[in-house]
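# Geometric and topological summary
Below, each chain spelled out in residue letters.
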Amino acid sequence: AQSVTQPDIHITVSEGASLELRCNYSYGATPYLFWYVQSPGQGLQLLLKYFSGDTLVQGIKGFEAEFKRSQSSFNLRKPSVHWSDAAEYFCAVGPQGAQKLVFGQGTRLTINP
Amino acid sequence: DGGITQSPKYLFRKEGQNVTLSCEQNLNHDAMYWYRQDPGQGLRLIYYSQIVNDFQKGDIAEGYSVSREKKESFPLTVTSAQKNPTAFYLCASLPGLAGDTGELFFGEGSRLTVL
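All of the points below concern the structure found in this document. (Residues numbered from 1 in each chain as written. Chains lettered and ligands numbered in written order. Predicted model: local features only at pLDDT ≥ 70, side-chain atom pairs only at ≥ 80, totals over all residues. Heavy atoms only, no water.)

### Re the overall build of chain A
- What chain A contains, in helices and strands, is zero helices and 12 strands.
- Order of helices (α) and strands (β) in chain A, N terminus to C terminus: β-β-β-β-β-β-β-β-β-β-β-β.
- On C-alpha atoms alone, chain A measures out to a radius of gyration of 13 Å, which is about the 13 Å that the 2.2 N^0.38 rule sets for 113 residues.
- Among the 113 residues that make up chain A, the fraction classed as buried is 45%.
- Within chain A, contacts between residues separated by at least 24 positions form 55% of all contacts whose residues are at least 6 apart in sequence.
- A total of about 5,200 Å² of accessible surface is found on chain A, and carbon and sulfur atoms cover 48% of it.
- Taken together, the 9 basic and 8 acidic charged side chains of chain A have centroids lying 7 Å from each other. (Helix = DSSP H or I, 4+ residues; strand = E, 2+ residues; numbered from the N terminus. Rg over C-alpha atoms; globule rule 2.2 N^0.38 Å. Buried < 20%, exposed > 50% of the residue type's maximum accessible area, 1.4 Å probe, protein only. Contact = heavy atoms within 4.5 Å. Areas by Shrake-Rupley, 256 points an atom, 1.4 Å probe, with all protein chains shown as cover. Lys, Arg positive; Asp, Glu negative; His and termini not counted. Charge placed at Lys NZ, Arg CZ, Asp CG, Glu CD.)

### What about unusual backbone geometry?
- In this chain, Ser7 of chain B is followed by Pro8 of chain B through a cis amide linkage whose omega measures -5°.
- Within the element layout of this structure, Pro8 of chain B appears in the loop between β1 (4–7) and β2 (10–13).
- Of note in this structure, Lys61 of chain A is not a glycine but carries a positive phi near 60°.
- Counting through the fold element by element, Lys61 of chain A comes out in the loop between β7 (56–58) and β8 (64–68).
- In this structure, Ser72 of chain A takes a positive phi of about 50° despite not being glycine.
- Secondary-structure assignment places Ser72 of chain A in the loop between β8 and β9 (73–78).

### Side note on a nonpolar patch on the surface
Residues and elements named next belong to chain B.
- There is a patch of nonpolar side chains on the surface, built from Tyr10, Phe12 and Leu115 and spanning about 400 Å² of accessible area.
- Mapping Phe12 onto the fold places it in strand β2.
- Looking at Phe12, the relative accessible area reads 55%, which means it is exposed. (Patch = residues over 30% accessible without salt bridge, like charges linked within 9 Å, V, L, I, M, F, W, Y side chains within 5 Å. Salt bridge = Lys/Arg side-chain N within 4 Å of Asp/Glu carboxyl O.)

### Details of the environment of Gln6 of chain A
Residue and element names in this part refer to chain A.
- Summarising the element assignment, Gln6 is placed in the loop between β1 (3–5) and β2 (10–14).
- Owing to a relative accessible area of 4%, Gln6 belongs among the buried residues under this scheme.
- Spatially, the C-alpha atoms of Gln6 and Gly62 are 21 Å apart, while their sequence positions differ by 56 residues.
- In this view, Gln6 contacts Arg22, Trp35, Tyr89, Phe90, Cys91, Gly104, Gln105, Gly106 and Thr107; residues no more than four positions away in its chain are not counted.
- Here the side chain of Gln6 touches Gly106 through a polar contact of 3.1 Å, landing on its backbone nitrogen. (Polar contact = N/O pair within 3.5 Å; in protein donor to acceptor, adjacent residues only side chain to side chain.)

Fair warning: the whole summary comes from geometry, so function is off the table for now.
Next comes the structure, spelled out in structure tokens:
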């Protein structure tokens with residue numbers, strides 16, 4: 001069965017610092033991978049996705065993620081965070097696009113001024 | 001503007017009562033989903049529907065029921081059989097297999113509290 005692990009429940013970084021959120025997945029075939037962001041009390045918004053091709057994908061709001069098959073990882077990065085990036089971030093994996101996604105537990109990001 | 005509307009945003013219920021959460025979309029999407037969100041557990045799939053008058057159980061369907069009589073609407077009923085119903089419920093939609101852009105569109109959620 002497919003699964004997603006986000007090892008960090010909560011991360012705090014200073015504004016302007018770089019960010020990396022970890023995501024490891026377990027899936028038997030080539031996965032479809034996603035990162036979503038959720039502001040408090042809101043729904044989720046897609047940041048970026050990986051289906052195939054270039055393993056470094058660019059998303060909205062200056063985020064990028066790298067698919068590493070050998071490590072079963074899809075880590076999210078941003079070179080310089082802004083206070084508005086404070087939110088919860090979810091990694092997800094799906095067998096066929098976004099159909100029946102399996103989500104990780106989420107990582108809550110706090111930004112120090 | 002196109003989107004997904006969930007109502008009510010907040011709902012309180014006494015134990016033993018059924019409650020129905022509304023989800024309406026005007027995106028003309030075929031597929032609709034209900035997820036439950038609990039702190040530290042991410043999102044878990046309750047039910048999904050890929051076409052009108054058809055739906056399938058997700059990973060945690062026990063104690064819930066749904067209907068899909070219209071393409072735009074996918075209401076979720078939390079029944080008294082659901083042992084721990086207090087949670088944040090999210091509805092989402094997808095164009096469908098043929099138009100799967102890989103982006104689930106989410107509503108803003110409904111927070112249910114059982115007193």
